[in-house]
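# Descriptive structure summary
Chain residues, written in single-letter form:
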Amino acid sequence: MLDYLAAHLVENGWSIKDSIRYLVTTRAFAMSSEPSATALNTDPANDWLSHMRVRRIEAESIRDSVLSASGQLSDLMFGQPADINGPRRSIYLPIRRTNLNPFLQIFDAPKPFTTLGRRDATNVPAQSLTMLNSLFVVDQSGKWARVLINDGSDCPQTRIKRMFATVFARPPEESELTASSQYLEALAQDRQLPADQVLNSIPVWQDFAQSLFNFKEFIYLR
């Protein structure tokens, strides 16, 4: 395989971009992480790579995904390092050894103290707690909620479907739609909010938006 890919690189003018495009559009790259019945029998440990391994996206991508979902991500390119709490992509954030970004660090962003051949990809309780309590996530959930109340949805279910499409690029399953509707009703009851005011309640949709950020599907590729 490596010989084939090396030959492809040479044949296409040593273009790294072309090689990456070629790899990410292959059938192998698009394979699901859900093993087939045959794979479970013949390759239960996935030693032969019969299906894609579940993997967590990188710290910078998680931060950028939160900003994108909330509608705050800036598409500005180039220029000076960005404000650490600003809306620009994480690639533009300054890196100060004495003031590292705590959100990125909890998701295994490399520390600029030593060289690192491969990033860690941990799965620890602190990551879930960060998505629940991080001021960055809470703030972006609120900004997303402010956008949502002006989206013209005719009912909560319509908005739920739009939110699922935004964060997961898929519609909710029927069970997820039912559970989400029940959760919104519980949030409204906690705030003693009439049903006809739910669509315009920023706190309710802020809580719901943050709950979607806490889905494992949001930070893991399947």
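For the structure, check the block above.
An account of the accompanying structure is given in this report. From a predicted model like this one, the values you see are computed outputs, not experimental measurements.

## Considering a nonpolar patch on the surface
A cluster of nonpolar side chains, contributed by Ile16, Ile20, Leu23, Val24 and Phe29, occupies part of the molecular surface with about 450 Å² of accessible area. Overall, the relative accessible area of 48% leaves isoleucine 20 in the partly exposed class.

## Focus: the layout of surface pockets
Volume-wise, the largest pocket comes out at about 540 Å³. Residue lining of the largest pocket: 14 residues in total, with Ala28, Phe29, Leu49, His51 and Met52 positioned closest to the centre. Mapped onto the lining of the largest pocket, the elements with two or more residues apiece are α1 (2-11) and α2 (16-24). Residue classes in the lining of the largest pocket are distributed as ten nonpolar, two polar and two charged. Size it by volume and the second largest pocket reaches roughly 310 Å³. Lining the second largest pocket are 13 residues, and of these Arg55, Arg56, Glu58, Arg119 and Ala121 sit closest to its centre. Elements with a minimum of two residues in the lining of the second largest pocket: β1 (55-56) and α4 (59-69). The class makeup of the residues in the lining of the second largest pocket is five nonpolar, one polar and seven charged.

## A word on the pattern of salt bridges
Counted by the stated rule, this structure contains ten salt bridges. Of the charged contacts, one joins arginine 119 and glutamate 60 as a salt bridge, the two residues approaching to 2.9 Å between their closest N and O atoms. Linking arginine 119 in the loop between α5 (102-106) and α6 (125-133) with glutamate 60 in helix α4, this pair joins segments that are 59 residues apart in sequence. You can call arginine 119 partly exposed: its relative accessible area is 28%. Between arginine 191 and aspartate 207 there is a salt bridge whose closest N-O contact spans 2.6 Å. In this pair, arginine 191 is assigned in the loop between α9 (174-190) and α10 (202-213) and aspartate 207 in helix α10, connecting sequence segments 16 residues apart. Through salt bridges with shared partners, one network takes in Asp151, Arg159 and Arg162.

## Notes on α4
Along α4, the residues classified as buried are Ala59, Ile62, Arg63, Asp64, Val66, Leu67 and Ala69. Turning to α4, the residues buried within the fold contact β1, α5, α7 (135-148), α8 (156-168), α10 and α11 (216-219). Count one or two residues on from α4 and you reach glycine 71, which has phi positive near 80°.

## Digging into the nonpolar core
If you look at soluble globular proteins, the nonpolar side chains tend to sit buried side by side. Counting residues in each nonpolar core, the largest one holds 37 residues, and the members touching the most others are Trp144, Trp205 and Phe213. Residue assignment for this core shows that the elements contributing at least two residues are α4, α5, α7, α8, α9, α10 and α11. The element that contributes the greatest number of residues to this core is α10, accounting for six residues. Apart from residues lying up to four places away in sequence, tryptophan 205 is in contact with Ala145, Leu148, Pro156, Arg159, Ile160, Met163, Leu184, Val198 and Leu199.

## Some details on the environment of serine 141
Considering the arrangement of structural elements, one finds serine 141 in helix α7. A residue is classified by how much of its surface remains accessible, and serine 141, at 0% relative accessible area, is buried. The spatial distance from the C-alpha of serine 141 to the C-alpha of valine 66 is 8.3 Å, given a sequence separation of 75 residues. Setting aside residues no more than four positions away along its own chain, serine 141 makes contact with Gln206, Ala209, Gln210 and Phe213.

Each value, and the rule that gives it
Residues numbered from 1 in each chain as written. Predicted model: local features only at pLDDT ≥ 70, side-chain atom pairs only at ≥ 80, totals over all residues. Heavy atoms only, no water. Patch = residues over 30% accessible without salt bridge, like charges linked within 9 Å, V, L, I, M, F, W, Y side chains within 5 Å. Areas by Shrake-Rupley, 256 points an atom, 1.4 Å probe, with all protein chains shown as cover. Salt bridge = Lys/Arg side-chain N within 4 Å of Asp/Glu carboxyl O. Buried < 20%, exposed > 50% of the residue type's maximum accessible area, 1.4 Å probe, protein only. 1 Å grid on protein atoms, 1.4 Å probe; cavity = no way out; pocket = protein on both sides within 12 Å on 5 of 7 lines; lining within 4 Å. Points joined across faces, edges and corners; volume = space filled by probe spheres on them. Helix = DSSP H or I, 4+ residues; strand = E, 2+ residues; numbered from the N terminus. Nonpolar A, V, L, I, M, F, W, Y, C, P; charged D, E, K, R; others polar. Contact = heavy atoms within 4.5 Å. Core = buried A, V, L, I, M, F, W, Y, C linked by side-chain atoms within 4.5 Å.

Just geometry here; none of it tells us what the structure is for.
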